[in-house]
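# Results of the structural survey
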Amino acid sequence: MIEILKNKMTAESILTAGFGLEREGLRVTKKGKLALTSHPPIFGDKLKNPYITTDFSESQIELVTPVFYSVEETYDFLEALTDIAITEIGEKNELFWPYSMPCDIPDDNLIPIATYQGEAGKVARQYREKLMAKYGGKRQLISGIHYNFSFGEEFLTTIWEALDVDETYKEFKDRIYLKVLRNFLRYRWLIIYLMGCTPGLHNSYIEECLQCMEKCGNETYLSRGGISARNGSCSGYKNEIDLYPDYRSTKEYISSVNEFIARGDISEAKELYAQIRLKPKDYHNVLDSLAQDGIQYLEIRTIDLNVFDKCGIAKIDLEFMNIFMLFLLLEGEEFFDTWQQEALINEIAVAEHGLEADLELLDHRHWTLKTAWAEDILDKVAEVNAYLDLKQEQCIKVMQNRVRNPEITYAHRLKLLMQEKGCLGANLEMAERYKKLSDADHYRLKGFEKWEMSTQILIKEALTRGIKVIPMDVADNIVRLEKNGHQEYVKQATKTSADNYITPLLMENKVVTKKILQENGLPVPGGEEYFSFLEAKQKLAKYIGKKVVIKPKSTNFGLGICIFDQGGTLDELLRGAQIAFEYDDTILIEDYLPGLEYRFLIIGNEVVAVLHRRPANVVGNGFSTILQLIEEKNKHPYRGDGYTSPLKKIELDEQSLMFLNKQGLTSQSIPQNEEMIFLRGNSNISTGGDSIDVTEKMHPYFAAIALKAASVFKAKFCGVDMILEDDTDPDSNFGIIELNFNPMIVMHAYPLEGRERRSGYNILKTIGLTN
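Residues numbered from 1 in each chain as written. Predicted model: local features only at pLDDT ≥ 70, side-chain atom pairs only at ≥ 80, totals over all residues. Heavy atoms only, no water.

## A short note on empty space enclosed by the protein
What the rule picks out here adds up to seven cavities of 30 Å³ or more. Approximately 130 Å³ is the volume found for the largest cavity. What lines the largest cavity is a set of 13 residues, and nearest its centre among them are Cys 562, Ile 563, Gln 655, Met 658 and Phe 659. Those elements that provide at least two residues to the lining of the largest cavity are strand E18 (562-564) and helix H22 (654-662). Looking at the lining of the largest cavity, the element that brings in the most residues is H22, giving four residues. (1 Å grid on protein atoms, 1.4 Å probe; cavity = no way out; pocket = protein on both sides within 12 Å on 5 of 7 lines; lining within 4 Å. Points joined across faces, edges and corners; volume = space filled by probe spheres on them. Helix = DSSP H or I, 4+ residues; strand = E, 2+ residues; numbered from the N terminus.)

## Description of the sheet that holds strand E7 (residues 214-215)
Through backbone hydrogen bonds, the strands of a sheet pair up, either in parallel or in antiparallel fashion. Taking strand neighbours across the sheet as the criterion, the three strands line up as E6-E8-E7 in an open arrangement whose pairing is antiparallel. Looking along the sheet, the strands with just one partner apiece sit at the ends: strand E6 (200-202) and E7. In the sheet, E7 pairs with strand E8 (residues 220-222) via two bridges, with the strands oriented antiparallel. In the strand pairing of E8, Lys 215 is matched with Tyr 221. Of the strands in this sheet, E6 and E8 are in contact with helix H15 (residues 410-440), which crosses E8 at around 155 degrees. (Pairing = 2+ DSSP bridges. Contact = heavy atoms within 4.5 Å. Axes fitted to C-alpha atoms, helices over the stretch in contact; angles between N-to-C directions.)

## Structural notes on the environment of Ala 710
Residue position: Ala 710 is located in helix H23 (residues 700-712). You can call Ala 710 buried: its relative accessible area is 1%. Put simply, Ala 710 and Thr 503 are 207 residues apart on the chain and 9.7 Å apart in space, counted from C-alpha to C-alpha. Filtering out sequence-adjacent residues up to four positions away, Ala 710 remains in contact with Ile 602, Ala 715 and Cys 718. (Buried < 20%, exposed > 50% of the residue type's maximum accessible area, 1.4 Å probe, protein only.)

## Re the pattern of salt bridges
Counted under the stated rule, the structure contains 59 salt bridges. Here the salt bridges do not stand alone but share partners, grouping Lys 510, Lys 514, Lys 551, Glu 590 and Glu 738 into one network. (Salt bridge = Lys/Arg side-chain N within 4 Å of Asp/Glu carboxyl O.)

## Describing the packing of helix H13 (residues 370-388) against helix H14 (residues 393-404)
Two numbers describe how H13 lies on H14: the axes approach to 10 Å, and their chain directions differ by 170 degrees. One element, H13, and the other, H14, form an angle in the roughly antiparallel class. Of the residues in H14, those touching H13 at Thr 371, Ala 374, Glu 375, Leu 378, Asp 379, Val 381, Ala 382 and Asn 385 are Glu 393, Ile 396, Met 399, Gln 400, Val 403 and Arg 404. Taken together, the residues of the contact of H13 with H14 break down into seven nonpolar, three polar and four charged. (Parallel < 35°, antiparallel > 145°, perpendicular 65-115°, else oblique. Nonpolar A, V, L, I, M, F, W, Y, C, P; charged D, E, K, R; others polar.)

## Focus: the sheet that holds strand E17 (residues 548-552)
Strands sit in the order E16-E19-E17-E18 across an open sheet of four strands; the sheet is antiparallel. Every other strand in the sheet has two partners, leaving strand E16 (527-530) and E18 as the edge strands with one partner each. Between one strand and the next, the sheet's axes are offset by a mean angle of 15 degrees, whatever the strand orientation. For E17 and E18, the ladder comprises three bridges, and the chain directions are antiparallel. Each bridged residue has a counterpart across the sheet, and for Val 549 the counterpart in E18 is Ile 563. Sheet strands touched by helix H18 (residues 510-519): E16, E17 and strand E19 (587-591). Its angle to E19, the strand with the most contacts, is close to 40 degrees.

Pasting the structure below:
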């Protein structure tokens, strides 16, 4: 089989597989006690949110990634979900417990079982109540990583066609997956050693389990040489008796599970708590679907949460799992009657004694040193890597180092921390650290960094609320959103089916926009349009010394705009016209309106946010030049390209230099301490402006004017730009200077100053995907 791969496939196609991750974790208080509050309602119906749900308990979050075809995409999506979970539960001052074994937990009768809606919810609840009665609630709170794996279709079909065997493709796939499963059971002890991370327990756990460990103070019990209490014989979560399904074929497997059910060992197929599961197409009818549709993928349940990674599993471990699954397929098998019992003995031995240097395991009925056997297996993995030129040396080397140096294993490192700080102290410290990391980078959605920020905000809100997100085109920022059979396509966050086609066409024409607003009694600045630079040269003289604005007729993001708030010479006006003509064939010259500029964000039929946009500026310190102050201000984490960041870095371009010159300044001028120097007249965020939320402060009269302006165009999504002389006085002078049909929501979501506005929710509500 390896020759087929070498001769017919590239390294990339060999490693391309279907990956999915499920990460469980408890919600806890700041003191490490189990949070007894309800699952955050923002996550919606637990049975319908495909990304964020609960496991056994109302206090136990489960994050689920879709299937991806690269390790990096899978990990990034899990990180995005992890950040969302940490942020949302943080609203209730709760933390995401990073450890597989439970926190400080109450007695069973106080552990909240997950609640659900509808008839399907009743069934889910009843199943969990049976588990509580049978296994107890404390074991149910154990969390972990479920690693879902399927070989790529090209991988499978290439081998199937090359082997030319007398079996259907479905039969071939089943045979392949069953072989991988059997070998995983044989070698699962190695994964427990490499990725085990549960060396101890909090003293609120089951008393009989605590007796298997040593008391070390700080309400903590530690295993002397254990590496994974979660996978051990006492503390872990297993069936009441050891069950050994028949894995020779799918048919025999189904027959053996039905026998377990008939005997009363388990109530249904999903109660079989195996380290690896065969996964069907239809989750509601597991055995029938396996018989009819075949094995779709494998679910590995061995991996402990890695407390040293925010996501609960390190990317390097995922990379190793990929090539390890390939090794399991290529490795030979030796069958004997008690092979499964032997594999279980090894699992428990490593889980409970894995850090002991002289540990021996059973290898085909013969005792062998764990370390030597682990080295041998990893050497074989390395040989597969080298022969197929897969370039996975790094992850293999990391695993070899863990075998040779037990002190660098996750379990040993955590054991040292727990000895020093206790179970609660060590894991709460990690939880707090991950919350700080999520908070610091909360404006970025991992895995979607190439999407513009407004679209990231919408995607994040959709994921949070359980709305399925299907990326369509990153270059055009087009996504498809789905929920309960309802589909919506969205471009750039606010271009949706809610607005009709003519609305943006009217708004992008500033002359037409002004005419329509005037016809509806809304104030706009006076002015005229020029169709050529020659016409501008002939007519601009009458504006010498007058306060005016020159801008392109159809433009966004403040590009090509020159503001002469102190008047301008003919040369300056002509240069302003030249700049404007660089962005459009027609330009406008308008009266300058005194006051401050505000952006009113209209979504649906309401003003959801108001922002004061302060023009690009720096504040002096008495010794730095304007250029140096710009460089320092641009270091703010919000400032970037303005496309994938909330704010734009300030650029000292020709328009800025012209604006400074009007003030008698240059880039080398040194402002006085606390002196604010404006670098432009226009206040667009896209030209380096500051965003300041003033939603609550804005007088409702002006909000009503903005809403009327949008309604005139029947716009569901609109940014209304207004100049207000006094935002507290409806009798003061004001005017509408522009309407934007595709308003940026990022500046409202992440303002430089003021409250962040969750406008992604308003978008989803307007297009009918949430209430």
